[in-house]
Amino acid sequence: MPQFHATTIFAVKHKGKSAMSGDGQVTLGNAVVMKHTARKVRKLFNGKVIAGFAGSVADAFTLFELFEGKLDEFNGNLQRASVELAKLWRSDKVLRKLEAMLIVMNETDLLLVSGTGEVIEPDDGILAIGSGGNYALAAGRALKTYSGDNLSAYDIAKAALEIAGEICVYTNNNIIVEEL
């Protein structure tokens, strides 16, 4: 049975701001677009944290709930909540089968959290996941490097997803951007 997958999330820290963008496409297997307006990026913990997912939709919602619980448990400490989620995700027999990835950020930190126990903070303040992630990552790096002071974090996040949407068949241009 084919699974529903949701793709392309991009996050950037630029000029003291944090922004994350995600497209709206949900694909069934490799052939059918089932939804154009999914919301894969959302604010959590009273609007102080942004999280975005790529992968199986049901699995991602499970991870969102678990991550939100960890944020509450550790009073909004993003790094601690992320590490604890990764530990739980990797060690639990049921959770380790989840097929999704998360990018989480607050005003100071940006992290990738995976089911293999990885919690990665990028060197350059940019992360991307999903089928169009590499396209968005390349576009975002170029935009951040060469825009000077002309683009904000919001602008870079939106433009990187627009470029990915022009290249990746699993990414559309119904883009949601959240900013801190």
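Residues numbered from 1 in each chain as written. Predicted model: local features only at pLDDT ≥ 70, side-chain atom pairs only at ≥ 80, totals over all residues. Heavy atoms only, no water.

As recorded by an unreviewed UniProt entry, the chain carries the name ATP-dependent protease subunit HslV and is attributed to Niallia hominis. According to UniProt, the comment filed for the chain under the heading Subcellular location (unreviewed entry) is "Cytoplasm". (UniProt positions renumbered as here; feature names shortened; annotations may be inferred.)

For Val177, the location among the structural elements is in strand β12 (residues 176–179). Looking at Val177, the relative accessible area reads 14%, which means it is buried. In sequence terms Val177 and Asp23 are 154 residues apart; their C-alpha atoms lie 9.0 Å from each other. Each residue touching Val177, except ones within four places of it in the same chain, is listed here: Ala19, Met20, Ser21, Tyr154, Ala157 and Lys158. (Helix = DSSP H or I, 4+ residues; strand = E, 2+ residues; numbered from the N terminus. Buried < 20%, exposed > 50% of the residue type's maximum accessible area, 1.4 Å probe, protein only. Contact = heavy atoms within 4.5 Å.)

Let us now look at the packing of helix α1 (residues 57–73) against helix α2 (residues 78–91). Two elements in contact, α1 and α2, have axes whose closest approach is 9 Å; the angle formed by their N-to-C orientations is 135°. Between α1 and α2, the crossing angle belongs to the class labelled oblique. Regarding α1 and α2, the two cross each other, and that crossing is right-handed. Two secondary-structure elements touch here, α1 through Leu63, Leu66, Phe67, Lys70 and Leu71 and α2 through Leu78, Ala81, Ser82, Glu84, Leu85, Leu88 and Trp89. (Axes fitted to C-alpha atoms, helices over the stretch in contact; angles between N-to-C directions. Parallel < 35°, antiparallel > 145°, perpendicular 65-115°, else oblique. Left-handed = near helix turned anticlockwise from the far one by under 90°.)

Below, the discussion takes up unusual backbone geometry. Residue Lys15 is not a glycine yet carries a positive backbone phi of 50°. The class for Lys15 is partly exposed, based on a relative accessible area of 46%. One non-glycine residue, Phe45, adopts positive backbone phi at about 50°. Its place among the elements puts Phe45 in the loop between β6 (41–44) and β7 (49–56).

Moving on to the UniProt feature "binding site: Na(+)" (unreviewed entry) in the chain. Mapped onto the present numbering, the UniProt feature "binding site: Na(+)" (unreviewed entry) falls at Gly165, Cys168 and Thr171. As for its placement among the helices and strands, Cys168 is situated in the loop between α4 (153–167) and β12. By relative accessible area, Cys168 is classed as buried at 7%. Excluding residues that lie within four positions of it along the chain, Cys168 makes contacts with Ser131, Gly132 and Tyr135. Assignment of secondary structure puts Thr171 in the loop between α4 and β12.

It is worth spelling out helix α3 (residues 133–146) at this point. In this model, α3 (14 residues) spans 20 Å end to end at C-alpha, consistent with the 20 Å of a helix rising 1.5 Å per residue. The elements touched by buried residues of α3 are β2 (9–14), β11 (126–129) and α4. Gly148 occupies a position one or two residues after α3 and carries a positive phi of about 60°. (Expected span 1.5 Å × (residues − 1).)

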